[in-house]
Amino acid sequence: PSCRAIVLSGAGKMFCAGIDLGAFLSVVPRQPDQAHKSLQLIETIRKLQNDFTAVEKCRKPVIAAVHGACIGGGVDMICGTDIRLMSADSFFQVKEVDLGLAADV
């Protein structure tokens, strides 16, 4: 009840540097066959998508205060906010396309 709004901001030189590929590979399923690997990967992606959806469904106003780079998942996250404020040095990139990945989270 005492919270009236939520402000998302980054610490350091940028708002969001994007996904850590090393960390991402650690959540990629290690299953013996492609079918089980795909099912487990879908479940992992759904969990990640739920995190982004929580920002959108939040009952309090969510404000993104972006400075510097906003890359990959950072772009996805701020799309779910109610207000997006950017500093003059802000820039946006969706690098998944360069890696041949679908930017769907």
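It should be noted that the structure appears before, not after, this text.
Before going into details, it helps to say that this report is about the structure given with it. (Residues numbered from 1 in each chain as written. Predicted model: local features only at pLDDT ≥ 70, side-chain atom pairs only at ≥ 80, totals over all residues. Heavy atoms only, no water.)

Structural notes on the overall build of the protein chain
Moving on, step 1. Within the protein chain, the regular secondary structure consists of 3 helices and 5 strands.
Moving on, step 2. Listing the helices and strands of the protein chain from first to last along the sequence gives β-α-α-β-β-α-β-β.
Moving on, step 3. In terms of its C-alpha atoms, the protein chain occupies a principal-axis envelope of roughly 45 × 35 × 20 Å.
Moving on, step 4. Out of the 105 residues in the protein chain, the part that is buried amounts to 20%.
Moving on, step 5. Summarising the internal contacts of the protein chain: among those between residues at least 6 apart in sequence, 52% fall at separations of at least 24. (Helix = DSSP H or I, 4+ residues; strand = E, 2+ residues; numbered from the N terminus. Buried < 20%, exposed > 50% of the residue type's maximum accessible area, 1.4 Å probe, protein only. Contact = heavy atoms within 4.5 Å.)

Observations regarding the sheet that holds strand β1 (residues 6–9)
Moving on, step 1. Taken together, the 3 strands give an open sheet; going across it, the order is β1-β2-β4, and neighbouring strands pair in parallel fashion. On the outer flanks of this sheet lie β1 and β4 (83–86), each paired with one strand and no other. Strand-to-strand twist across the sheet, computed as the mean angle between neighbouring axes with direction ignored, equals 20°.
Moving on, step 2. Across 4 bridges, the pairing between strand β2 (residues 62–66) and β4 is parallel. (Pairing = 2+ DSSP bridges. Axes fitted to C-alpha atoms, helices over the stretch in contact; angles between N-to-C directions.)

What about the side chain of Thr81?
Moving on, step 1. Summarising the element assignment, Thr81 is placed in the loop between α3 (73–79) and β4.
Moving on, step 2. At 3.4 Å, the side chain of Thr81 and the backbone oxygen of Ile83 are in polar contact.
Moving on, step 3. Apart from residues lying up to four places away in sequence, Thr81 is in contact with Leu8, Val55, Val62 and Ala64. (Polar contact = N/O pair within 3.5 Å; in protein donor to acceptor, adjacent residues only side chain to side chain.)

Section: the nonpolar core
Moving on, step 1. Among the nonpolar cores identified, the biggest contains 7 residues, and these are Phe15, Cys16, Ala64, Val66, Cys70, Val75 and Ile78.
Moving on, step 2. Of all elements in the fold, only β2 and α3 reach the threshold of two or more residues within this core.
Moving on, step 3. With residues near it in sequence (within four places) discarded, Val75 still touches Cys70, Phe92, Gln93 and Val94. (Core = buried A, V, L, I, M, F, W, Y, C linked by side-chain atoms within 4.5 Å.)

Topic: the pairing of β2
Moving on, step 1. Judged by how many residues are buried, β2 sits mostly within the fold: 4 of 5 residues are covered.
Moving on, step 2. Sheet topology note: the β1/β2 ladder contains 4 bridges and is parallel. Its bridge partner lying in β2, Ile6 is registered against Val62.

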